[in-house]
Amino acid sequence: MTKSVVVAAPRGYCAGVDRAVVTVEKALDLYGPPVYVRKQIVHNKHVVENLEARGAIFVEELDEVPEGATVVFSAHGVAPTVHVEAAQRQLKTIDATCPLVTKVHNEAKRYAREGNQILLIGHAGHEEVEGTMGEAPDRTILVERPEDVEHVEVEDPSKIVWLSQTTLSVDETWDTVSRLKTKFPLLTSPPSDDICYATQNRQSAVKQIAQDADLVIVVGSRNSSNSVRLVEVALEAGAKASYRVDNAGEIDLAWLDGVGKVGVTSGASVPDELVQGVLDLLVENGFPEAVEERLTEENLTFALPPELRKDLKKKA
């Protein structure tokens, strides 16, 4: 059997994740440890453990942070109530919310201010969804799946708009939007699609490598929404099997039995060294060096949070 390994590109870090991780690293360098981080800065176990080793302390809520300490808000964003609580506790805050998530927050505020009801497509309990809903809690209805649309009830069908979590399955989101538009013909769409460019690119890239793959391995953590979606997209695109792993150590070698073509990719919060570990394991088990299939180039970068830039400039 001819064996081959194809690694998708783009994969791994997106601009928002890179900015968030660098924010914590530079905060540690500038202020010294400990620097507190509310929730996981990004949804990747390896990244979190590395930052913990450097002196970052991850907390679930702000009452775990000593008064007056420095706290970083994660890339997924926070509700306005969190900013209020931080001010009350006199915390020095650095907001590492991804600018693309901030865009959705701003849309939610604007549409609510204009009297619209917001139908937010996303997953209950996800930090990004909690942050966005927190911008207009009385005006927002969460829609988790396409089949939930039939149960959605609104006050005024002529004053509704849809928004979405940035890391969803593109195809499933459009299925949900299509059903919402059928049920509510006057539904307003945001000025531009809320699903982020990196999520869309990684899903398109995995479709490209999954079509005739016997196995697709997605590197990413269990709580990473976009990584979990990549497994689903790979299977829908034609992969015979697909698994998510945090690193090469989680690969069951039985998955490789009778396998010819393997596709490899990673979620938007995964350092490339973890992907390389998977590729090395495949070589150790009789597979050739990987060939990269690139869908598109990504050149977007985001400036560091203004609070941090200001302090870095003072020190320079």
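Up top is the structure these notes are about.
Predicted model, so just to flag it, every value in this text is computed and none were measured.

Participant: What should I look at first to understand the pattern of salt bridges in this one?
Facilitator: Any two side chains of opposite charge can pair, so long as their charged atoms come close to each other. Inspection of the entire model under this criterion finds 23 salt bridges. E298 is paired through a salt bridge with R202; the nearest N and O atoms lie 2.8 Å apart. With E298 in the loop between β12 (291–294) and α10 (306–315) and R202 in helix α7 (residues 197–210), the pair connects residues that are 96 residues apart, well separated along the chain. When its relative accessible area of 1% is taken as the criterion, R202 is described as buried. Residues R294 and E297 are paired through a salt bridge, measuring 3.6 Å at the closest nitrogen-oxygen approach. By relative accessible area, which is 54% here, E297 ends up exposed.

Participant: Hey, could you run me through unusual backbone geometry in this one?
Facilitator: Note: most peptide bonds trans; most residues except glycine with negative phi. The omega angle of the peptide bond from A9 to P10 is 5 degrees, so this bond is cis rather than trans. Following P33, the chain continues to P34 via a peptide bond in cis, the omega torsion being 0 degrees. Relative to the helices and strands, P34 is located in the loop between α1 (15–31) and β2 (35–38). Even without being glycine, K39 reaches a positive phi, approximately 65 degrees. By the element assignment, K39 lies in the loop between β2 and α2 (45–54). Residue K39 is classed as buried on the basis of its relative accessible area of 11%.

Participant: Please explain the sheet that holds strand β9 (residues 215–219) as it appears in this structure.
Facilitator: Remark on secondary structure: sheet strands pair via backbone hydrogen bonds, oriented parallel or antiparallel. Taken in spatial order, the five strands line up as β10-β9-β11-β1-β12 in an open sheet, and their pairing is parallel. Pairing within the sheet leaves two strands with one partner each, and these edge strands are β10 (242–245) and β12. With strand direction ignored, the average angle separating the axes of adjacent strands in the sheet is 25 degrees. Lying on the sheet, α7 is in contact with β1 (4–9), β9, β11 (261–266) and β12; it crosses β11 at an angle near 175 degrees. Its contacts with the sheet place helix α8 (residues 225–237) against β9, β10 and β11, and it is angled at close to 165 degrees to β10.

What counts as what
Residues numbered from 1 in each chain as written. Predicted model: local features only at pLDDT ≥ 70, side-chain atom pairs only at ≥ 80, totals over all residues. Heavy atoms only, no water. Salt bridge = Lys/Arg side-chain N within 4 Å of Asp/Glu carboxyl O. Helix = DSSP H or I, 4+ residues; strand = E, 2+ residues; numbered from the N terminus. Buried < 20%, exposed > 50% of the residue type's maximum accessible area, 1.4 Å probe, protein only. Pairing = 2+ DSSP bridges. Axes fitted to C-alpha atoms, helices over the stretch in contact; angles between N-to-C directions. Contact = heavy atoms within 4.5 Å.

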